[in-house]
Protein chains: 2
Amino acid sequence: MKVAVLGYGTVGVGVYEMLKKAEGLEAGPVLVRPGKKDADFKVCDLNEIVADPSVDAVAEVMGGVEPAFSYAMAAIRAGKHFVTSNKALVAARGVELFHAANEQGVAFLFSAACGGGVPFLHNLARAVKTDEILSVGGILNGTTNFMLDRMQSSGMDYADALKQAQQLGYAEADPTADVTGLDALRKIMLACAVAWGVLPQEGLLNEGIDSLSAADVADFMARGRTCRLIASGCRAADGRIAAYVEPVLLSAGEAECAVLKNFNLARYEGKNAGSIAMIGQGAGRWPTASAVLRDLSGIAEGETAMFPADVCNGAADNAAESHAYYVRLPSACRGRLPAAEVLSDTDGVLRLITEGMSVAAMHAAAKALRAEGCGVFFAALREG
Amino acid sequence: MKVAVLGYGTVGVGVYEMLKKAEGLEAGPVLVRPGKKDADFKVCDLNEIVADPSVDAVAEVMGGVEPAFSYAMAAIRAGKHFVTSNKALVAARGVELFHAANEQGVAFLFSAACGGGVPFLHNLARAVKTDEILSVGGILNGTTNFMLDRMQSSGMDYADALKQAQQLGYAEADPTADVTGLDALRKIMLACAVAWGVLPQEGLLNEGIDSLSAADVADFMARGRTCRLIASGCRAADGRIAAYVEPVLLSAGEAECAVLKNFNLARYEGKNAGSIAMIGQGAGRWPTASAVLRDLSGIAEGETAMFPADVCNGAADNAAESHAYYVRLPSACRGRLPAAEVLSDTDGVLRLITEGMSVAAMHAAAKALRAEGCGVFFAALREG
């Protein structure tokens, strides 16, 4: 199977190099930006790929919704299998890509778009066929996990942790999508669509780690808690799907606490299988390329889809999921949240544990307080 | 696809019940022992299954090498796909079953035989196609993990931990295969065969937890270590394969330390993917049945094999793998092992850390000491 690659950045180079060595797969042309063609295998015009009958599959690793979506549709309509590592693309336009691929009778796979090297979506899609999925989730962003690990293991403050992540190539020059939880949210959207056939486009909530201070870390660590940025998806008995990202304070000894550096942990709970957690590198050239290659090799063996046949766009509803929250806010805001326990109130900084609150209510309260200029950090409390 | 089930014990009931609900799969006849036929769907004669042209696949969940092997060969020769949860069968006769299945053009899958509900072998087999596997291993026996967890979390002694495991149905009436590491060894044999095409039949080493005392636990826990029974397989540059099971003392914070109760953690390291670890329930009706069902559903989508095409029986060589070991032995045996550090020597009990020793040398030394009537506990030291 001859595979063309769209993009020749970090992941693209990895995919191209692995294709050259993989049994049963062959490296085809690589699409690069105009002016970047400095070798015979590179092309600057997508038509050289979609019009080439020797190309069986296209692997897109450029990132971003456009022009990736247009390129993807062109490849699919030309009868090429389509594999991508691009979470923004699949989160925004995955349903259209899936149905287009189905119409053309080609495969559409995107393992690398959630969990990087962790073979999570593949296994989730496989489990769906014989089990009922109760929940999905985990640590799906390696950049923020690296930062949290640094802040908790070495007392580093947020700005220094971010700078170090950028120096090591774990964070983009513009880290917004990572630190606000948007990147993890896109990944949990994909997991929800694989698990339950609904790709939520509305009602989603993401709280990142950009409000976290070294003082917060010192405080909850003194209380024996470890913070991880956790993406969560679950389906209630009435069919409503919750999908959100927020910091979570875990008790020592949970598997999530053992996920260090830029690693990911992705989890699903099957009614029969129970909880299945997978830990691996969530990003980087070779782990991500290895996920793209596993998808391509899967196509060669007949794998065609990750979404269920009736997948559609839909909405999330985070009103029914409820946790107690650890919150830091200005003392002047006392009374704005239902406190089950005040932990401390000194120098104008109030720390408390809320009563059980819905995810929707907590995120809304933080948004309202911030609109008034009040700094807030919050994290859900979960027991092991 | 109509599936007959061989065996109607804990797992057999789970497989049968899941088959009745699974899309694309159909529950066929169930083979039970003579005299146990108390329902129409049960049969006592294997011929009623192998001679039934409506049966497409056979799922064997009886356990033991015979008659399971004869039944498996009869099913395969009758052109039925064959799926099993039986590690003893595949460890002993897997190569023959694989080649028989290949000749007949039927599938032979055995996910549930290693890791129970954890989809480890499936992913390993998939990774082999596009990556080089450097090592395999993990916590592959839930019974001993449950016992270790009890002994370490509650100070329970070995006999009480075993009794509790038996009461909860985690340990057999005869727990020998579990507590000596033989069960975990069979599982790592399968992983080696999937990863490198060699099913080792000789040169294997297994040390279990049957020498572990509450005093040992108290001592290494005071030193900040957690004990897990770890199965390990790796391939050296010269192609030699190491395969062994032994207790390992881990530093706090490693993912293996977060594996509690009867859970398993199975790991592979790919040259490109890096380390991929999977945590889930290693045994029990529904987790194990869910693995059998995933295999059956995989067959319906074209999956046929876990072993590489050229798999053969071979030998393990544990002389090149080397660790420092924590050892407890009688004071009178001082000098029998190369000690890097004596930890304590009181009341006739010596505890020491060895210099780096090969796995083969450590297991041989313990065997020699025990032959002289000396009680020995040993565990490898591994840093995170």
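Residues numbered from 1 in each chain as written. Chains lettered and ligands numbered in written order. Predicted model: local features only at pLDDT ≥ 70, side-chain atom pairs only at ≥ 80, totals over all residues. Heavy atoms only, no water.

(A) Region of interest: the interface of chain A and chain B. Listed as interface residues are 39 residues of chain A and, on the opposing side, 39 residues of chain B. Applying the counting criterion to the chain A and chain B interface returns six salt bridges. Ionic pairing is found between Glu301 of chain A and Lys129 of chain B, a salt bridge with its closest N-O pair at 3.2 Å. The interface formed by chain A and chain B contains twelve residue pairs in polar contact (both at pLDDT 80 or more). Where the side of chain A that touches chain B is concerned, the elements lending two or more residues are helix 5 (120-128), strand 12 (263-270), strand 13 (274-281) and helix 11 (285-300) of chain A. Considering each element in turn, the side of chain A that touches chain B owes the most residues, eight residues, to strand 13 of chain A. Where strand 13 of chain A lies against strand 13 (residues 274-281) of chain B, three bridges are found, and the strand directions are antiparallel. Bridge pairing in strand 13 of chain B links Ala277 of chain A to Ile279 of chain B. (Contact = heavy atoms within 4.5 Å. Salt bridge = Lys/Arg side-chain N within 4 Å of Asp/Glu carboxyl O. Polar contact = N/O pair within 3.5 Å; in protein donor to acceptor, adjacent residues only side chain to side chain. Helix = DSSP H or I, 4+ residues; strand = E, 2+ residues; numbered from the N terminus. Pairing = 2+ DSSP bridges.)

(B) Quick peek at the sheet that holds strand 4 (residues 57-60) of chain B. Residue and element names in this part refer to chain B. The strand order across the open sheet built from six strands is 3-2-1-4-5-6, with neighbouring strands paired in parallel fashion. Here the strands that pair on one side only, and so sit at the sheet edges, are strand 3 (42-43) and strand 6 (108-109). Across four bridges, strand 1 (residues 2-6) lies against strand 4 in parallel orientation. In the sheet register, Leu6 faces strand 4, and the bridge partner there is Glu60. Taken strand by strand, helix 1 (residues 10-21) contacts strand 1, strand 2 (26-31) and strand 4, and its axis lies near 155° from that of strand 2. (Axes fitted to C-alpha atoms, helices over the stretch in contact; angles between N-to-C directions.)

(C) Representation of the relation of the copies chain A and chain B in the model. Here chain A sits on chain B after a turn of 180° about the axis and a move of 0.0 Å along it, with an RMSD of 0.0 Å. Such a turn and shift between the copies fits a two-fold axis. Within chain A, Met278 of chain A has its C-alpha nearest the rotation axis, a separation of 2.2 Å. The residues that chain A uses at the interface reappear at the interface of chain B in 100% of cases, marking a shared surface. (Least-squares fit on C-alpha atoms with pLDDT ≥ 70 in both.)

(D) Structural detail: the side chain of Asn264 of chain B. Residues and elements named next belong to chain B. Among the structural elements, Asn264 can be located in strand 12 (residues 263-270). Judged by its relative accessible area of 1%, Asn264 is buried. At 3.4 Å, the side chain of Asn264 forms a polar contact with the backbone nitrogen of Gly142. Setting aside its immediate chain neighbours within four residues, Asn264 contacts Gly115, Val118, Ile139, Leu140, Asn141, Gly142, Val259, Met278, Ile279, Gly280 and Gly282. (Buried < 20%, exposed > 50% of the residue type's maximum accessible area, 1.4 Å probe, protein only.)

(E) Looking closely at the packing of helix 3 (residues 68-77) of chain A against helix 4 (residues 87-104) of chain A. All names here are of chain A. Their axes nearest at 10 Å, the elements helix 3 and helix 4 cross at an angle of 10°. Comparing the axis directions of helix 3 and helix 4 gives the class roughly parallel. Judged by residue contacts, Ala68, Phe69, Ala72, Met73, Ile76 and Arg77 of helix 3 engage Leu89, Arg93, Glu96, Leu97, Ala100, Ala101 and Gln104 from helix 4. The residue inventory of the contact of helix 3 with helix 4, partitioned by class, reads nine nonpolar, one polar and three charged. (Parallel < 35°, antiparallel > 145°, perpendicular 65-115°, else oblique. Nonpolar A, V, L, I, M, F, W, Y, C, P; charged D, E, K, R; others polar.)

(F) Quick look at the packing of helix 1 of chain B against helix 11 (residues 285-300) of chain B. Residue and element names in this part refer to chain B. Axis separation between helix 1 and helix 11 bottoms out at 8 Å; the angle between their running directions is 50°. Comparing the axis directions of helix 1 and helix 11 gives the class oblique. Read as a crossing pair, helix 1 and helix 11 show a hand that is right-handed. Taking contact as the criterion, the partners of Thr10, Val11, Val13, Gly14, Val15, Glu17, Met18 and Leu19 in helix 1 are, on helix 11, Arg285, Trp286, Thr288, Ala289, Ser290, Val292, Leu293 and Leu296. Among the residues making up the contact of helix 1 with helix 11, the classes are represented as ten nonpolar, four polar and two charged. (Left-handed = near helix turned anticlockwise from the far one by under 90°.)

(G) Seen up close, the sheet that holds strand 2 (residues 26-31) of chain A. Residues and elements named next belong to chain A. Strand order in the open sheet formed by six strands is 3-2-1-4-5-6, with parallel pairing between adjacent strands. Across the chains shown, the open sheet's two edge strands, defined by having one partner strand only, are strand 3 (42-43) and strand 6 (108-109). As defined by bridge partners, strand 2 adjoins strand 3 across two bridges and the pair is classed as parallel. Directly across from Leu31, in strand 3, lies its bridge partner Val43. Against the sheet, helix 1 (residues 10-21) touches strand 1 (2-6), strand 2 and strand 4 (57-60), its axis set at about 155° to strand 2.

(H) Region of the structure containing the packing of aromatic side chains. Applying the stated criterion across every chain, the model contains 28 aromatic pairs over all chains. Seen from their ring centres, Tyr326 of chain B and Phe377 of chain B are 6.4 Å apart, and the 70° between their planes marks the pair as edge-to-face. In this pair, Tyr326 of chain B is assigned in strand 16 (residues 325-330) and Phe377 of chain B in strand 20 (residues 377-382), connecting sequence segments 51 residues apart. For the pair formed by Tyr326 of chain B and Phe377 of chain B, the shared burial category is buried. Through a chain of ring-to-ring contacts, three or more aromatic side chains come together here, namely Phe82, Phe98, Phe108, Phe110 and Phe307 of chain A. Between the NZ or CZ atom of Arg93 of chain A and the centre of the ring of Phe69 of chain A, over which it lies, the distance is 3.8 Å. (Phe/Tyr/Trp six-rings, centres within 6.5 Å; stacked < 30°, edge-to-face > 60°. Lys NZ or Arg CZ within 6 Å of the ring centre and 35° of its normal.)

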